[in-house]
Amino acid sequence: MSVLDLFRLDGRTAIVTGGGRGLGAYMAEALSEAGANLVLCSRKKEACDEVAAELEGRGGKALSLGCDVSSEEEVEEVVAAAVERFGGVEILVNNSGITWGAPAVEMPAEKVERVLAVNVLGTFLMARAVAKRLIERSEGGSIVNIASVAAFKGSRPGSIETAGYNASKGAVVSLTRALAGSWGQYGIRVNAIAPGWFPTRMSRGVLDAKGDEFLKGIPLNRFGGPDDIKGVALLLASDAGAYITGETVVVDGGQGVW
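One numbering rule holds for all chains: residues counted from 1, following each sequence as written. A pLDDT threshold of at least 70 governs which residues receive local features in this predicted model, and a stricter bar of 80 or more applies before side-chain atom pairs are shown or counted, although totals over entire chains, interfaces and linings include all residues. The basis for every side-chain value is the complete set of heavy atoms in the structure, and neither hydrogens nor water enter the calculation.

### What to know about the packing of aromatic side chains
Stage number 1. Stacked, edge-to-face and tilted labels apply to pairs of Phe, Tyr and Trp rings (six-membered ring for Trp) whose centres lie within 6.5 Å, assigned for plane angles under 30 degrees, over 60, and everything in between, in that order. According to the stated counting rule, one finds one aromatic pair in the structure shown.
Stage number 2. Residues tryptophan 197 and phenylalanine 214 carry aromatic rings whose centres are separated by 4.6 Å and whose planes lie at 10 degrees to one another, so their mutual orientation is stacked. Of the two residues, tryptophan 197 sits in the loop between strand E6 (188-195) and helix H6 (204-215) while phenylalanine 214 sits in helix H6, which places them 17 residues apart along the sequence.
Stage number 3. Exposed residues in this analysis have more than 50% of their type's maximum accessible area, buried residues have under 20%, and partly exposed residues fall in between, with area computed by a 1.4 Å probe over protein chains only. Relative accessible area serves as the criterion here: at 24%, tryptophan 197 is assigned to the partly exposed category.
Stage number 4. On the accessibility criterion, phenylalanine 214 (13% relative accessible area) is buried.
Stage number 5. The residue whose ring lies beneath lysine 111 is tryptophan 100, and the NZ or CZ to ring-centre distance is 4.3 Å. Segments assigned H or I by DSSP are reported as helices when at least four residues long, segments assigned E as strands when at least two residues long, and all are numbered from the N terminus. Geometrically, a charge over a ring is one whose NZ (Lys) or CZ (Arg) sits within 6 Å of the ring centre while staying within 35 degrees of the ring normal.

### Re the side chain of arginine 189
Stage number 1. When you line up the elements, arginine 189 lands in strand E6.
Stage number 2. A polar atom in the side chain of arginine 189 sits 3.0 Å from the backbone oxygen of leucine 236.
Stage number 3. Throughout this description, a polar contact denotes any pair of N or O atoms lying within 3.5 Å of each other; where both atoms belong to protein, one of them has to be capable of donating a hydrogen while the other can accept it, and for residues adjacent in sequence the pair is counted only when both atoms sit in side chains. Within the structure, arginine 189 has its side chain in polar contact with the backbone oxygen of serine 238 (distance 3.0 Å).
Stage number 4. Contact between two residues is taken to exist if any of their heavy atoms lie within 4.5 Å; hydrogens are not considered. Beyond its immediate chain neighbours, meaning those up to four positions away, arginine 189 contacts Gly141, Ser142, Ile143, Leu236, Ala237, Ser238, Gly241, Ala242, Tyr243, Ile244 and Thr245.

### Things to note about the nonpolar core
Stage number 1. Ranked by internal contacts, the top residues of the largest apolar core, which has 32 residues, are Ile15, Val39, Met126 and Trp183.
Stage number 2. Beyond its immediate stretch of four places on either side in the chain, valine 39 contacts Thr13, Ala14, Ile15, Val16, Leu63, Leu65, Val78, Ala82 and Phe86.
Stage number 3. Each nonpolar core is a collection of buried residues, namely Ala, Val, Leu, Ile, Met, Phe, Trp, Tyr and Cys, held together in the definition by side-chain atoms within 4.5 Å. By size, the runner-up hydrophobic cluster in this structure holds 31 residues, among which are Ala36, Ile229, Val232 and Ala233.

This is the structure we're talking about:
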């Protein structure tokens, strides 16, 4: 087997939550190019429709669905639809996420609850639903959770304060380790990616306002682009990463070095 064959995903099916834009769309493109069938889902189905059409236009196979990942019922419906359409699910990328910025003393409790519901509960519900199918079929698989460098740091006063988001991504890192320990016996690998600053629809407003300041803290002196996340996602999803589990890979241009 060629080393490049380790990265092939032919015949496998991947669910990518939040797959209609930004990092989710980039990772979906990578997995599709490697041969996987793609199931894209998010609250805004129209965005997933567009990405699915693009993937199919390039010769891939894709299914677009609406889903609020904090809803147990909707999560189960997505996984069932993926199994019905493609026969199974071997890969999950838990990318759906939201944030809310405000000084911690002013942050509304309901906003923190919503961030935690999507970023933590949603990650768990989708991972559990996929893991159940993998265990039933006695097949291994790969779950890739999307955390953030915000999991490892706080907010500088006067900067962007996102206490609920930071807490949620720290929980994703911890959840990743917990699930890896529980499901390793079934051949299910669970890892996380912690991106730094990537220009996306969610981050663009912040980067437009403070991008020059943030660049000063990045040794590579640039923000992340599509290719910077694609390779890492493919490594963790494929057999190339078959002996990696419970880890969080930081992709931030060296932001944590200084």
